[in-house]
Amino acid sequence: MKAVIQRVTKADVTINEKQVANINIGLLVLLGIVAEDTQDDIAWLSNKIANLRIFGDDNGVMNKSLIDIEGEVIVVSQFTLQASTKKGNRPSYIKAAKPEIAIPLYEAFVKQLKQTIKKEVQTGEFGADMKVSLLNDGPVTIIIDTKNKE
């Protein structure tokens, strides 16, 4: 799993001109899934995201987590995070999991993150043409790959 995590002061997702998710202070998580992803990837990534200390404390130091600030979250599926650009100029998405594999993993990730932060997790709609709007705070953007835990 690959995740692009953005600290936001607000974010929303719109599908067919209808807003389906809307948060204030928290995280917008773009999630790309491969067929090899497992429950271990889900558990590790949801715990990592919930506990990333990327929110300011009273001294303005990034020392607080999403859990600490009781922030909100939107998770958006994004198969393009698994793009390969090694050959030519047209990205290949062959590494991205097919929907029959990706959807259950995506739903399991959202469920696990909800349990980890003990708060509702908003989402886009898997496979939909979504318009994602955000106000990145900082800006703070973190990329995590469960296959390359650095």
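Residues numbered from 1 in each chain as written. Predicted model: local features only at pLDDT ≥ 70, side-chain atom pairs only at ≥ 80, totals over all residues. Heavy atoms only, no water.

A. The arrangement of the overall build of the protein chain in detail. Each helix and strand counted, the protein chain has three helices and eight strands in total. Of the regular secondary structure in the protein chain, the N- to C-terminal order runs β-β-β-α-β-β-α-β-α-β-β. Since a compact globule built from 150 residues should have a radius of gyration of about 15 Å, the 15 Å found for the protein chain is in line with a globular shape. Here the C-alpha coordinates of the protein chain stretch approximately 45 × 40 × 30 Å along the principal axes. The 150 residues of the protein chain split such that 40% are buried. Of the contacts formed within the protein chain by residues at least 6 apart in sequence, a portion of 73% connects residues at least 24 apart. Surface accessibility of the protein chain: about 8,700 Å² in total, with carbon and sulfur atoms responsible for 48%. Put simply, the protein chain has 19 plus and 19 minus side-chain charges, and the middle of one group is 5 Å from the middle of the other. (Helix = DSSP H or I, 4+ residues; strand = E, 2+ residues; numbered from the N terminus. Rg over C-alpha atoms; globule rule 2.2 N^0.38 Å. Buried < 20%, exposed > 50% of the residue type's maximum accessible area, 1.4 Å probe, protein only. Contact = heavy atoms within 4.5 Å. Areas by Shrake-Rupley, 256 points an atom, 1.4 Å probe, with all protein chains shown as cover. Lys, Arg positive; Asp, Glu negative; His and termini not counted. Charge placed at Lys NZ, Arg CZ, Asp CG, Glu CD.)

B. Just the pairing of strand 3 (residues 26-32), in detail. With seven of its seven residues buried, strand 3 lies for the most part within the structure. One ladder, built from seven bridges, connects strand 1 (residues 2-15) with strand 3; its direction is antiparallel. The residue bridging V8 from the neighbouring strand is G26, located in strand 3. Summarising the sheet, strand 3 and strand 6 (residues 72-77) pair through six bridges and their orientation is parallel. Its bridge partner being in strand 6, L28 is matched across the sheet by I74. (Pairing = 2+ DSSP bridges.)

C. Looking closely at the packing of aromatic side chains. Taken as a whole and judged by the stated rule, the model has two aromatic pairs. Considering the side-chain rings of F79 and Y93, the 5.1 Å spacing of their centres and the 75 degrees angle between planes classify their relative orientation as edge-to-face. You can see F79 sitting in the loop between strand 6 and helix 3 (99-117) and its partner Y93 sitting in the loop between strand 6 and helix 3, a full 14 residues away along the chain. Under the relative-accessibility criterion, F79 is labelled partly exposed at 48%. Each ring, one from Y106 and one from F126, has its centre 5.8 Å from the other, and the planes form 55 degrees; the classification is tilted. Within this pair, whereas Y106 is found in helix 3, its partner F126 is found in the loop between strand 7 (122-123) and strand 8 (130-145), the two being separated by 20 residues in sequence. The buried category is assigned to Y106, whose relative accessible area is 5%. The side chain of K149 reaches across the aromatic face of W44, ending 4.8 Å from its centre. (Phe/Tyr/Trp six-rings, centres within 6.5 Å; stacked < 30°, edge-to-face > 60°. Lys NZ or Arg CZ within 6 Å of the ring centre and 35° of its normal.)

D. Summary view of the pattern of salt bridges. With the rule as written, the count across this model stands at five salt bridges. Note that K147 is salt-bridged to D37, the shortest N-O span being 2.7 Å. Taken together, the positions of K147 in the segment after strand 8 and D37 in the loop between strand 3 and helix 1 (39-51) put the pair 110 residues apart, joining distant regions of the chain. Judged by relative accessible area, which is 45%, K147 ranks as partly exposed. (Salt bridge = Lys/Arg side-chain N within 4 Å of Asp/Glu carboxyl O.)

E. How the structure looks around the nonpolar core. Membership of the largest hydrophobic core comes to 28 residues, with the highest contact counts inside it found for I5, L31, I49, V75, F109 and L113. Only strand 1, strand 3, helix 1, strand 6, helix 3 and strand 8 provide two or more residues apiece to this core. When residues in this core are grouped by element, the largest group, seven residues, is from helix 3. Apart from the residues lying within four places of it in its own chain, the contact partners of V75 are V29, L31, Y106, F109, V110, L113, V121, Q122, T123 and G124. (Core = buried A, V, L, I, M, F, W, Y, C linked by side-chain atoms within 4.5 Å.)

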